[in-house]
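Chain and residue survey
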Amino acid sequence: MASASAKKLRPKYLSLSALLFEIRLPLPGWVSILHRISGALLVFPFAAWLLFMLDASLASEQGFERTRAYLDLPLVKLGMLLFVWAYAHHFCAGMRFLLLDINRGIELKQARLSSVFVLLISLLLTAWFGVKLW
Amino acid sequence: MVNRVVTGAHYGTGSWLAQRITALVIAVYSVVALVVVFVGKPLSHAVLKDLFSQGWMRVATLVFMVSLAWHAWVGVRDILMDYVKPDGLRLTLEVLVILLLASYLGWTVQVLWR
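Let me begin by describing the structure that accompanies this report. (Residues numbered from 1 in each chain as written. Chains lettered and ligands numbered in written order. Predicted model: local features only at pLDDT ≥ 70, side-chain atom pairs only at ≥ 80, totals over all residues. Heavy atoms only, no water.)

1. Description of the overall build of chain A
In terms of helices and strands, chain A carries six helices and zero strands. For chain A, the sequential pattern of α-helices and β-strands runs α-α-α-α-α-α. Computed over the C-alpha atoms, the radius of gyration of chain A is 21 Å, more than 25% above the 14 Å expected from 2.2 N^0.38 for a compact globule of 134 residues. Its C-alpha atoms put chain A at 70 × 35 × 30 Å along the principal axes. Split into buried and exposed, the 134 residues of chain A put 34% on the buried side. For chain A, the accessible surface area stands at approximately 9200 Å², while carbon and sulfur atoms represent 72% of it. (Helix = DSSP H or I, 4+ residues; strand = E, 2+ residues; numbered from the N terminus. Rg over C-alpha atoms; globule rule 2.2 N^0.38 Å. Buried < 20%, exposed > 50% of the residue type's maximum accessible area, 1.4 Å probe, protein only. Areas by Shrake-Rupley, 256 points an atom, 1.4 Å probe, with all protein chains shown as cover.)

2. Quick notes on the packing of aromatic side chains
Residue and element names in this part refer to chain A. Taken as a whole, this structure holds seven aromatic pairs over all chains when the rule is applied. Judged by centre distance (6.4 Å) and plane angle (80°), the ring pair of Phe52 and Tyr70 falls under edge-to-face. On the criterion of sequence distance, the pair formed by Phe52 in helix H3 (residues 27-59) and Tyr70 in helix H4 (residues 61-70) is long-range, its members being 18 residues apart. For Phe52, a relative accessible area of 44% puts it in the partly exposed group. An aromatic cluster of three or more residues is present, and its members are Phe46, Trp49, Phe52, Tyr70, Phe83 and Tyr87. (Phe/Tyr/Trp six-rings, centres within 6.5 Å; stacked < 30°, edge-to-face > 60°.)

3. A short note on the interface of chain B and chain A
Contact residues are listed per partner, giving 30 residues for chain B and 25 residues for chain A. At the boundary of chain B with chain A, total buried surface from both sides reaches about 2400 Å², with 71% on carbon and sulfur atoms. Summed over the shared surface of chain B and chain A, the result is three salt bridges. Mapped onto the side of chain B that touches chain A, the elements with two or more residues apiece are helix H1 (13-39), helix H2 (45-52), helix H3 (55-83) and helix H4 (87-112) of chain B. (Contact = heavy atoms within 4.5 Å. Buried area = accessible area lost by both parts, 1.4 Å probe. Salt bridge = Lys/Arg side-chain N within 4 Å of Asp/Glu carboxyl O.)

4. Brief notes about the side chain of Arg20 of chain B
Relative to the helices and strands, Arg20 of chain B is located in helix H1. A distance of 2.5 Å separates polar atoms of two side chains, one belonging to Arg20 of chain B and the other to Asp101 of chain A. From its side chain, Arg20 of chain B meets the backbone oxygen of Trp16 of chain B in a polar contact 3.2 Å long. If near-sequence neighbours (up to four positions away) are discounted, Arg20 of chain B is found in contact with Leu98 and Asp101 of chain A. (Polar contact = N/O pair within 3.5 Å; in protein donor to acceptor, adjacent residues only side chain to side chain.)

5. Let's talk about the packing of H3 of chain A against helix H6 (residues 108-133) of chain A
Residue and element names in this part refer to chain A. Relative to each other, H3 and H6 sit at 45°, their axes nearing to 8 Å. Comparing their axes, H6 and H3 come out oblique. For the pair H3 and H6, the crossing hand works out as left-handed. On H6, the residues that touch Leu27, Pro28, Val31 and Leu34 of H3 are Ala111, Arg112, Ser115, Val116, Val118 and Leu119. Partitioning the contact of H3 with H6 into residue classes produces eight nonpolar, one polar and one charged. (Axes fitted to C-alpha atoms, helices over the stretch in contact; angles between N-to-C directions. Parallel < 35°, antiparallel > 145°, perpendicular 65-115°, else oblique. Left-handed = near helix turned anticlockwise from the far one by under 90°. Nonpolar A, V, L, I, M, F, W, Y, C, P; charged D, E, K, R; others polar.)

Okay, structure coming up:
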């Protein structure tokens, strides 16, 4: 029976404290999981949020001014900052994955270096945008 | 015993490739849009309306949104397959995501051709 071996009980050492403190994700792993998280955030709520703002600012002169005033609210600015980070990270990490797909930078050293670049560049872009925003 | 080779038919290859091609479309549109917004005139309602009244911008934006929806569908489906194990719940979430992405497309058409 094929399922017998699949159902064999194996010891598991995964606990919350192990996940939090003992199992450390290597940097490429962080790039990967953040790629997922940022992607999910971009699908919802960010895509809807940006469509909403584009809709309003294209609809009328008042709508544009309302959107501009809306973007001045501190909480909205914070949201925009998170959006910029998500977009920048998803973009940079995505480019890295495309390069990995065509076998560029798959050696351990290069892969580590490129993951550092992805994390840094997206944070720098977010910081630059934050400075422009405030 | 059913001897079905589930990995031999390349079920996922089409999605995999589509996700990468749509990624490039999204990336190119994003960079062009950024350049247009930051290098062009300061944004105002008139400038924005002028930009989106041009045929190429409308078509490019629609192609971008279709790519985005397709790309997002492959990605979200991957996430759901990885983390949501109960079939009924996963199916429900998948249907909701399809409805969400379809309404994004409808909304985009409405915004572009009003």
